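# Topology and contacts: notes
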Amino acid sequence: VGQVRELTVTEELTWQSGTLITDVIVMWTRPEDGNYAGAKVYASRNAGEMRQIGTASAGSTRYSTQAAIGEVIRFKVVAYDGAGRSASYTDAPVWIHTVEGASAPPASVEDFLVEKGLGGVEFTWKASTEIDVTGYEIREGGTWETGVPIVEDYAGNRFFTTKKKGGFYTYHIKAIDMLRN
């Protein structure tokens, strides 16, 4: 049986019993040749010994495991066929991944719109779908770093503030997560 192809690793954050968990998902494409039935998934955590952590059977092309922020995991995926023959362990593809988990900052806020209204300014934006985003911060000023906060830890995606003095103003928005990123 041939080797799996296009080995990749992604992360998903999930809530379990009130705790934010990082699921590390290993995915691959079936070998071009052979009667692919599944794959054995091996991992080495933080330079430890490479050992089998699971099996993706019934033709599956993904495997999920939990990990801690900062953990470095080396994955190896070895295909096997319906007769139980395996591809070469030595030549199997390897992917090294450092777990970011909730330590990665949230993505940039999308569709941020500022509109002048009667007696003030209305801000709207597309709500984040990231599980660890807890709110938003809006600042007024030339840059994010020099801007003055207008609102912090705001949970909605629409906000109005009074603005009596006319002029040209610049606003910035940032999603804030559980770790204050």
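Please read these numbers as outputs of a predicted model, since none were measured by experiment.

Turning our attention to the pattern of salt bridges. Side chains bearing opposite charge may pair, as long as their charged atoms lie close to each other. In total, this model carries 8 salt bridges according to the counting rule given. Across the pair Glu137 and Arg139 runs a salt bridge, and its minimum N-O distance is 2.6 Å.

Considering the arrangement of structural elements, one finds Val24 in strand S2 (residues 19–29). For Val24, a relative accessible area of 0% puts it in the buried group. For the pair Val24 and Ala67, spaced 43 residues apart in the sequence, the C-alpha separation amounts to 6.6 Å. Sequence-distant contacts of Val24, defined by excluding residues within four places in its chain, comprise Val9, Thr10, Glu11, Tyr63, Ser64, Thr65, Ala67, Phe75, His97 and Val99.

Further remarks concern the sheet that holds strand S9 (residues 120–126). The strand order across the open sheet formed by 3 strands is S8-S9-S12, and the pairing between neighbours is antiparallel. Among the strands making up the open sheet, the edge pair consists of strand S8 (110–117) and strand S12 (158–162). Taking each pair of neighbouring strands and ignoring which way they run, the sheet shows an average axis angle of 15°. Across 5 bridges, S9 lies against S12 in antiparallel orientation. In the sheet register, Thr124 faces S12, and the bridge partner there is Arg158.

Counting residues in each nonpolar core, the largest one holds 23 residues, and the members touching the most others are Val26, Trp28, Phe75 and Val77. Those elements that provide at least two residues to this core are strand S1 (5–16), S2, strand S3 (36–45), strand S5 (62–67) and strand S6 (72–81). Ignoring any residue separated from it by four or fewer positions in sequence, one finds Val77 in contact with Gln3, Val4, Leu7, Val26, Trp28, Ala39, Lys40, Ala92 and Pro93. The next biggest cluster of nonpolar side chains, apart from the first, holds 12 residues, and it includes Val121, Trp125, Phe159 and Ala175.

Now for a nonpolar patch on the surface. Taken together, the side chains of Trp15, Ile69, Ile131, Met178 and Leu179 define a hydrophobic patch exposed on the protein surface, amounting to about 470 Å² of accessible area. For Ile69, a relative accessible area of 48% corresponds to the partly exposed category.

What counts, and at which threshold
- Residues numbered from 1 in each chain as written.
- Predicted model: local features only at pLDDT ≥ 70, side-chain atom pairs only at ≥ 80, totals over all residues.
- Heavy atoms only, no water.
- Salt bridge = Lys/Arg side-chain N within 4 Å of Asp/Glu carboxyl O.
- Helix = DSSP H or I, 4+ residues; strand = E, 2+ residues; numbered from the N terminus.
- Buried < 20%, exposed > 50% of the residue type's maximum accessible area, 1.4 Å probe, protein only.
- Contact = heavy atoms within 4.5 Å.
- Pairing = 2+ DSSP bridges.
- Axes fitted to C-alpha atoms, helices over the stretch in contact; angles between N-to-C directions.
- Core = buried A, V, L, I, M, F, W, Y, C linked by side-chain atoms within 4.5 Å.
- Patch = residues over 30% accessible without salt bridge, like charges linked within 9 Å, V, L, I, M, F, W, Y side chains within 5 Å.
- Areas by Shrake-Rupley, 256 points an atom, 1.4 Å probe, with all protein chains shown as cover.

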